[in-house]
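Spelled out from the first residue to the last, the chains are:
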Amino acid sequence: QVQLVESGGGLVQPGGSLRLSCAASRSIFSIYAMSWYRRAPGKQRELVATITSGGRTNYADSVKGRFTISRDNAENTVYLQMNSLKPEDTAVYYCSAVSFASEDYWGQGTQVTVSS
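Residues numbered from 1 in each chain as written. Predicted model: local features only at pLDDT ≥ 70, side-chain atom pairs only at ≥ 80, totals over all residues. Heavy atoms only, no water.

The geometry of an aromatic ring pair is captured by two quantities: the separation of the ring centres and the angle between the planes. Under the counting rule described, the total for this entry stands at 2 aromatic pairs. Seen in terms of ring centroids, Tyr 32 and Phe 100 are 5.6 Å apart; in terms of plane orientation they differ by 65°. Their pairing is edge-to-face. Of the two residues, Tyr 32 is situated in strand β4 (residues 31–39) and Phe 100 in the loop between β9 (91–99) and β10 (104–106); the sequence distance between them amounts to 68 residues. On the basis of relative accessible area, Phe 100 is assigned to the exposed category, the value being 55%. (Phe/Tyr/Trp six-rings, centres within 6.5 Å; stacked < 30°, edge-to-face > 60°. Helix = DSSP H or I, 4+ residues; strand = E, 2+ residues; numbered from the N terminus. Buried < 20%, exposed > 50% of the residue type's maximum accessible area, 1.4 Å probe, protein only.)

Within the largest apolar cluster, 31 residues are counted, with the highest numbers of intra-cluster contacts made by Leu 4, Met 34, Trp 36, Leu 80, Met 82 and Tyr 93. For this core, the secondary structure elements donating two or more residues are β3 (18–24), β4, β5 (46–52), β7 (67–72), β8 (77–82), β9 and β11 (110–114). (Core = buried A, V, L, I, M, F, W, Y, C linked by side-chain atoms within 4.5 Å.)

Another point: the environment of Ala 23. Examined against the element boundaries, Ala 23 turns out to sit in strand β3. We classify Ala 23 as partly exposed; its relative accessible area is 34%. Taking the C-alpha atoms as reference points, Ala 23 and Val 78, separated by 55 residues in sequence, lie 6.7 Å from one another. Filtering out sequence-adjacent residues up to four positions away, Ala 23 remains in contact with Gln 3, Leu 4, Val 5, Asn 76 and Thr 77. (Contact = heavy atoms within 4.5 Å.)

As structure tokens, then:
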């Protein structure tokens, strides 16, 4: 079992930045991939970014060049650095982990609101 706790959300003006954190309850060394998803009001859940245990990353086209996902195995934490934020980035952001045994885990989500 892995518990995931997101933090770092909040209200930011367009063009601003936020860094989300996802802290795992145990070592993420054995986690195959960790991802950030988001769900905007009235929309389906969207995969934002993924990072594998080998450090390979993948991003949604809508955030490429603005968001960066990274992981700190020593701190059991995954980050999502979000720059040049737009109103359409407003959503609840969720952290997800998939183990090598294909077990998946989810955090409770953190709200990000981009508004002037």
